[in-house]
Amino acid sequence: MIDPRPGSGSRVPDVENEMRSIGEMARESGLGVSALRFYDRAGVLVPARVDPASGYRWYAPGQLDEARVLARLRRTGLPLADIRLVLAGWSGADADLVRGLLQAHLRRLERGLAEARSEFSTLEALLDHRENPMTASPRTGTVRLSLPAPALADALDAVRFAAGRDPELPMLGGVLFDVEGDTLHLVATDRYRMAVARLAAVGHGGAREQVIVPAPLVDAMRALLGDDGPARFAVEGDRVTLEAAERQASGRRLAHDFPDYRRLVQLPPGRRVTVDVPEFREALESGPVRVAEDREPGRQARDVSVLSTVDDGTVIVCGEGAPDEEADGAAHHVGVDRGYLLDALAAADRDRLVLEFGPAATAPLAIRRMDDEGAFSVLMPVRLDD
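These figures come from a predicted structure and were not determined experimentally.

Peer 1: With reference to specific residues and values, describe the overall build of the chain.
Peer 2: In terms of helices and strands, the chain carries 11 helices and 19 strands. Burial analysis of the chain (386 residues in total) assigns 44% to the buried set. Nonlocal contacts in the chain, meaning residues at least 24 apart in sequence, comprise 64% of its contacts between residues at least 6 apart. Looking at the chain as shown, the accessible area adds up to about 20,700 Å², and 52% of this sits on carbon and sulfur atoms.

See the structure below:
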């Protein structure tokens, strides 16, 4: 009997048939494929065998328990140096070293939590002082705008995908209508991405006014914008209304303040590369991904595309050999959530777009329209070290 796994020659199947591929190891251990590769490169959990022809990793049955321990240690945030020692002493008869390392880390976490609680208490007191509810004024501003319906539809389509869904952050659960003079900005963000659109408005011409329209009302407004006529947007107190084509959508604004998005879109200068969107989309959908295990509670593992620019002015989707954060800064590269990037490309609705890479892999990636500098989206980077 010949073992059909990659590689040359015949092998004894009763041992190697029990070995796990890297995908099987990921599913059974709770460590992502990218994490297993990282710990292999770091010499922490080295596969029992690497196929010399394909480079594919295979793990022995006894390594599964070790990987599960490693997954638990990783979730606690234990430093890599301590993880090495814990795994080295895990199977030993004397568990004092392991217990000592775990207890020391637990004490560090408890001290850190106590310090964080203290800082949060101070920040909450500062916020209470800033809000000063005895003098806060109700939301009674009035706004009346006339907008071209097609332009408003295009702007809503450009930003709606980035609206937040976290019930603990209700101020992000809609689209900001920010009007100043004769310009209206629409903005949405869920913290991991932000989208901004700009269009001309008639009828306000005054000081800056901001209102957050909840996502369901935004969708109802968008459904009205099928004709070429004007759309009339109005805010009276806490009521928001859009009229178009003799139909109306109305509801309450969100009683929150939106973060200062103008600060958030002040990106460091980087390198701009023009991409053909259909070709780039195909490269993303068929190209390699890394699986990133999000450590924030409630968020699932994500497919991450690693993008890099090359000297000929093109963007490539990198595989396993992509540069990491310590690599030479000459190559602009960034890891982003592939689904978020595909959403941003679809929302931009152009055959050619500009990708703006920051000076480091920790900088956001901007996706810009070539015909409108006021319409763009920003994606937060995903760390590439594991």
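Peer 1: A description of a nonpolar patch on the surface should follow, citing residues and the corresponding values.
Peer 2: Nonpolar side chains collect at one region of the surface, where Phe120, Leu123 and Leu126 lie side by side and expose about 310 Å² of accessible area between them. Locating Leu126 in the fold gives a position in helix α6 (residues 96-131). On the basis of relative accessible area, Leu126 is assigned to the partly exposed category, the value being 48%.

Peer 1: Go over the sheet that holds strand β6 (residues 183-189) with me, naming the residues and quoting the values.
Peer 2: The sheet built from eight strands is open, its strands ordered β8-β5-β6-β7-β19-β18-β17-β12 with antiparallel pairing. The open sheet terminates on both sides in strands that have one partner only, identified here as β8 (209-214) and β12 (271-276). With strand direction ignored, the average angle separating the axes of adjacent strands in the sheet is 20°. With respect to the sheet, helix α7 (residues 149-159) is in contact with β5 (174-180), β6, β7 (193-200) and β18 (365-369), its orientation differing from that of β7 by roughly 170°. Relative to β12, helix α10 (residues 277-286) is tilted by about 95°, and along the sheet it contacts β12 and β17 (352-357).

Peer 1: Talk me through empty space enclosed by the protein; I want residue IDs and the actual numbers.
Peer 2: Scanning all chains against the criterion turns up six cavities of 30 Å³ or more. One number sums up the size of the largest cavity: a volume of about 80 Å³. Lining the largest cavity we find Ala158, Phe161, Val196, Ala344, Ala347, Ala348, Ile367, Arg368, Arg369, Ala375, Phe376 and Ser377. Every element with two or more residues in the lining of the largest cavity is listed here: α11 (338-348), β18 and β19 (376-379).

About the cut-offs
Residues numbered from 1 in each chain as written. Predicted model: local features only at pLDDT ≥ 70, side-chain atom pairs only at ≥ 80, totals over all residues. Heavy atoms only, no water. Helix = DSSP H or I, 4+ residues; strand = E, 2+ residues; numbered from the N terminus. Buried < 20%, exposed > 50% of the residue type's maximum accessible area, 1.4 Å probe, protein only. Contact = heavy atoms within 4.5 Å. Areas by Shrake-Rupley, 256 points an atom, 1.4 Å probe, with all protein chains shown as cover. Patch = residues over 30% accessible without salt bridge, like charges linked within 9 Å, V, L, I, M, F, W, Y side chains within 5 Å. Salt bridge = Lys/Arg side-chain N within 4 Å of Asp/Glu carboxyl O. Pairing = 2+ DSSP bridges. Axes fitted to C-alpha atoms, helices over the stretch in contact; angles between N-to-C directions. 1 Å grid on protein atoms, 1.4 Å probe; cavity = no way out; pocket = protein on both sides within 12 Å on 5 of 7 lines; lining within 4 Å. Points joined across faces, edges and corners; volume = space filled by probe spheres on them.

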